[in-house]
Each structure stands twice: as structure tokens, then as C-alpha cells.
Amino acid sequence: MACPWQNVHVAVLGCGKESPSAYLPNLAADDRLGFMGTAILQGLLNKTRQDDSPSIRYTTWVRSQTSSERLEHTLGDDWKRVRCVAGGDAVQAVVPADIVILGFPPGALQSVFATPGLVGALRRKLIISLLAGVSYSQLQAAMSGTGSPDLSLLRVIPSIGAKINDSVTLIAETAATTHQHRQVAVWMFDQLGQTQWLPESIMDEATATGAACNALTMVAVDAIVDASVAEGIPRPAALKLAAASLRSAAGLLLDGGMTPESLKESMSVPKGITINSVLDLERGHVRSAISDAVRHAIQYTRDM
Ligand SMILES: NC(=O)c1ccc[n+]([C@@H]2O[C@H](COP(=O)([O-])OP(=O)(O)OC[C@H]3O[C@@H](n4cnc5c(N)ncnc54)[C@H](OP(=O)(O)O)[C@@H]3O)[C@@H](O)[C@H]2O)c1
């Protein structure tokens, strides 16, 4: 789908830090990396180099010069395509934008929206909240406290795959967006990977399922690689094999019309390696460990 607008100005609030440890080895332990705003910015910058792309201007708001320098380092040559408001307040970044992405931590919502003039500056713009666990009504309450009811608001949960245009993005269905804003959002998140629209009522549960899948992938790949290395396969080869096998299986489930059952059946020849691995995993209670982890993740989200 084409972008319904020829000129778009995107502002990202909360975009400061990504992978600084490579060049700041003495980074304080609590100086955590800020991924999501940067990942979205990187994915959009990647996809909008071609001449036929709509003309997109980018503004980011970070709180310090240090964050600005880190972002410059992360974006490399693309830095010159971005205007960065470092320090000061977010209003300067919001005023010229058509789309404003909220990429700061959920706990910062009240303090950011207490900034004088910010809510007024957001009127008639498309506001995209990435804040995990913050409902549409909580967002609206935080913003309408300063008296601005006509806000066009979407709740979106991307994954950090956005930086390589391979995000799994959840978008909540709400009535709080105009038709045109919705079309722009569809275009924008299509640039960043796959999108799935869901009712807002299950957004937190779906976010938790995605997070548990990421946890499972990390643990499973780590264990596969360690075991393979222990049996003589070089680590880089084992890592590539594990990651590519997961991608291939996922592709068959997503685009190949297969289900977990048909995948198991087609890979399980009599006396085969795969069916023996499945039985070993069952002996280790892996199925119940995974389903417990997913249910706990969902419960954890509900209790937040
Ligand atoms: N990480 C994920 O996988 C993921 C997935 C889905 C959704 N999300 C959501 O996306 C948002 C960003 O996630 P993240 O992991 O990138 O978060 P983060 O690293 O904790 O924070 C992102 C940026 O927000 C700024 N920030 C921190 N505290 C702030 C405050 N009190 N006021 C204003 N700005 C502040 C920082 O930028 P400065 O450098 O300017 O200080 C930081 O780089 C969150 O709301 C999260 O729920 C994240």
C-alpha cells in the first residue's frame, strides 16, 4: 500500500541510546540501552532511501547531548537525515511533526505529558504510543488532563526486528484515529515488517506472548549452540544453523500453510532424528515449561 501522504514529518520522543557499550565500555550498569525508538527510526530510514518514497523528515527528541552523540554513532551516515532536539523539551520536536511516536518508558508518561504546551501541540497529529502495558484510556487520561480531547491515537507494540525491517508489530484496534491516520500507520508499519491488528482488549496479553516467544528463542538458541559446540561444531556455524532453522520453520508456519502438527509429521520419518529429538524434549518437560512461561508472562502483564 502506498503512503497516502507525499510529505510526512515523523518525530520520535525517546530515542537516545542504542548499543553504546561498543564504544563506551565503561557504561554504568543501570544506563540501559534504549532500543525501540532507535529501531523504528533505523527501519524507516532504511526503507525511505528510494526516489519513489514519500518525502519524510525525521526529528528525534533526546534528553542530553550524550544521547544525541550515541544516536549519531548508531545512525552513521543517516544521521544527516535526522534533526535531533537534544535537551530542552519535547514540544520543539512535536510542533513541526505530523506523526509523533512515544518511545520513552511507560513510567515517564506523566512527567513527559506534564511538559507545558505538549498536549496542545499534539492536537490533530497522529500519536503512536509504543508504551507497553499502557492502555488507550490511560493514555487519553494522561493527555486530556490538560484539556485536549481531539487526539488521534494508536497503540502499537513493535519488536526490535524493526531495525532490520523485520518487526512483528501489534496494533490495537481503537476508534481513536481518523481514517487517513490509520492508512498512514498501516503504510508506516508495513515498512518495518509484519503487522497484526488486534482488539485493544487483548493487546497486553498478545504483548506478553510475543515477549515469552523472544525469551524462548534466546534460551533455545543459546542451549542449541552450547550443545553443538560441546559436540564439536564451531560456534558461528552452530549459531547460523540454529537461527536459520528457526526462520525456516517459522516461514513454513507463516507462509507455507503448515501447522505444528503437519510440520512434525512431515519431519518425522520412522526411526528418524527429529522424532527422537521431540521425544527427548517431551521427557525434559519442555512443552509444559514453555506453556507455563507464556501463561506466567500473560499473568505478569495483567498484574502490572
Ligand atoms: N524494548 C522493547 O523490546 C520494546 C518492545 C515493545 C514496546 N516497547 C516500548 O517502547 C518504549 C521504549 O522502549 P525501550 O526499551 O527503548 O526503552 P528505554 O530504553 O527504557 O527508554 C527509551 C528512551 O527513553 C528516554 N527516557 C528514559 N527515561 C525517560 C524519562 N523519564 N523521560 C523522557 N525520556 C526518557 C531515554 O532517552 P534519552 O537518551 O533521551 O535519555 C531512552 O533512551 C517503552 O515504552 C516500551 O514499553 C519496547
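Every value quoted in this text rests on a predicted model; they were computed, and no experiment measured them.

## Comments concerning the overall build of the protein chain
The secondary structure content of the protein chain amounts to twelve helices and eight strands. Along the three orthogonal principal directions, the C-alpha set of the protein chain runs to about 70 × 45 × 40 Å. Counting the 304 residues in the protein chain, one finds 28% classified as buried. Residue pairs in contact within the protein chain that sit at least 24 positions apart in sequence constitute 73% of those at least 6 positions apart.

## Focus: the environment of Pro236
Counting through the fold element by element, Pro236 comes out in helix α9 (residues 235–254). For Pro236, a count of 9 C-beta atoms within 10 Å translates into the label exposed.

## What to know about unusual backbone geometry
Working note: non-glycine residues mostly have negative phi, and peptide bonds are mostly trans. Even without being a glycine, Asn165 presents a positive backbone phi close to 55°. Here Asn165 shows up in the loop between β6 (152–157) and β7 (167–173). In this structure, Lys271 takes a positive phi of about 60° despite not being glycine. With respect to the helices and strands, the residue Lys271 is situated in the loop between α10 (260–267) and α11 (273–283).

## Details of the packing of helix α8 (residues 203–230) against α9
Direction vectors running N to C along α8 and α9 enclose 140°, while the axes themselves pass 9 Å from each other. Judged on the interaxial angle alone, α9 and α8 are oblique. Considering only the axes of α8 and α9, their crossing is right-handed. Packed against α8, whose contacting residues are Thr217, Val221, Ile224, Val225, Ser228 and Val229, the element α9 presents Arg235, Ala238, Leu239, Ala242, Ala243 and Leu246 at the interface. Taken together, the residues of the contact of α8 with α9 break down into nine nonpolar, two polar and one charged.

## Focus on the domain arrangement of the protein chain
Entries for the protein chain in the domain assignment read domain 1 (7–191) and domain 2 (206–303). Computed from C-alpha coordinates alone, the two centres of domain 1 and domain 2 are separated by 32 Å. Counted by class, the side of domain 1 that touches domain 2 contains four nonpolar, two polar and no charged residues.

## What to know about the nonpolar core
Counting residues in each nonpolar core, the largest one holds 52 residues, and the members touching the most others are Val10, Ala11, Leu13, Val100, Ile101 and Ile128. Discounting residues that sit within four places of it in the chain, Val100 has contacts with Ala11, Leu13, Val94, Leu122, Lys125 and Ile127.

## Brief notes about the pairing of strand β2 (residues 55–62)
When you tally the buried positions in β2, you get six out of eight residues, the bulk of the element. Judged from the seven bridges that link them, strand β1 (residues 7–13) and β2 form a sheet pairing that is parallel. Bridge pairing in β2 places Ala11 opposite Thr59. With five bridges joining them, β2 and strand β3 (residues 82–86) adopt parallel strand pairing. Looking at β3, one finds that Val62 is bridged to Ala86. What joins β2 to β3 is helix α2 (residues 65–75), and the crossover it makes is right-handed.

## Re helix α1 (residues 36–47)
The terminal C-alpha atoms of α1, which comprises twelve residues, lie 17 Å apart, in line with the 16 Å expected from a rise of 1.5 Å per residue. With nine of twelve residues buried, α1 is to be regarded as a mostly interior element. Along α1, the residues classified as buried are Met36, Gly37, Thr38, Ala39, Ile40, Leu41, Gln42, Gly43 and Leu44. Buried residues in α1 make contact with β1, β2, α2, β4 (99–102), β7 and α7 (179–191).

## Some remarks on the environment of Phe35
Locating Phe35 in the fold gives a position in the loop between β1 and α1. By C-beta crowding, Phe35 is classed as partly exposed, having 17 other C-beta atoms within 10 Å. A C-alpha to C-alpha distance of 17 Å links Phe35 and Gln65, two positions 30 residues apart in sequence.

## Some details on the environment of Leu153
Looking at where Leu153 falls in the secondary structure, it is placed in strand β6. On the basis of neighbour counts, which here come to 21 C-beta atoms within 10 Å, the residue Leu153 falls in the buried class. Each C-alpha atom of the pair Leu153 and Ile127 lies 4.8 Å from the other, and the pair is 26 residues apart in sequence. Apart from the residues lying within four places of it in its own chain, the contact partners of Leu153 are Ile127, Ser129, Tyr136, Leu139, Gln140, Ala176 and Thr177.

## As for the sheet that holds β4
Pairing in this open sheet of eight strands is mixed, and the strands run β3-β2-β1-β4-β5-β6-β7-β8 from one edge to the other. Two strands lie at the open edges of the sheet, namely β3 and β8 (193–199), each paired on one side alone. In this sheet, adjacent strand axes meet at a mean angle of 25° when their direction is disregarded. The strands touched by α8 are β6, β7 and β8; relative to β7, the strand with the most contacts, the crossing angle is about 170°.

Cut-off values and rules
- The numbering scheme is per chain: residues are counted from 1 as the chain's sequence reads.
- Reporting of local features is limited, given that this is a predicted model, to residues whose pLDDT is at least 70; pairs of side-chain atoms are given and counted only at 80 or more, and all residues count toward the totals for whole chains, interfaces and linings.
- In this description a helix means any DSSP run of H or I spanning at least four residues, a strand means any run of E spanning at least two, and both kinds are numbered starting from the N terminus.
- Three exposure classes are used, based on other C-beta atoms lying within 10 Å of a residue's own C-beta, which is placed from the backbone: buried for 20 or more, exposed for 12 or fewer, and partly exposed in between.
- Once C-beta atoms are placed from the backbone, any two residues with those atoms within 7 Å are in contact.
- Axis lines are fitted through C-alpha atoms, for helices just across the contact stretch, and the angle between N-to-C directions can take any value from 0 to 180 degrees.
- An angle below 35 degrees is treated as roughly parallel, one above 145 as roughly antiparallel, one from 65 to 115 as roughly perpendicular, and anything else as oblique.
- Handedness of a crossing is defined here by the sense of rotation of the near helix relative to the far one, left-handed for an anticlockwise turn of less than a right angle and right-handed for a clockwise turn.
- Throughout this entry, Asp, Glu, Lys and Arg are counted as charged residues, while Ala, Val, Leu, Ile, Met, Phe, Trp, Tyr, Cys and Pro are counted as nonpolar. The remaining residues, Gly among them, count as polar.
- Residue ranges for the domains originate in an automatic or database domain assignment.
- Residues of type Ala, Val, Leu, Ile, Met, Phe, Trp, Tyr and Cys that are buried and joined through C-beta atoms within 7 Å form what is called a nonpolar core.
- In short, DSSP must find at least two bridges between two strands for them to pair.
- Note on handedness: a crossover is taken as right-handed if, strands pointing away from the viewer, the path from the first strand over the helix to the second is clockwise.
- The length a helix should cover is 1.5 Å for every residue beyond the first.

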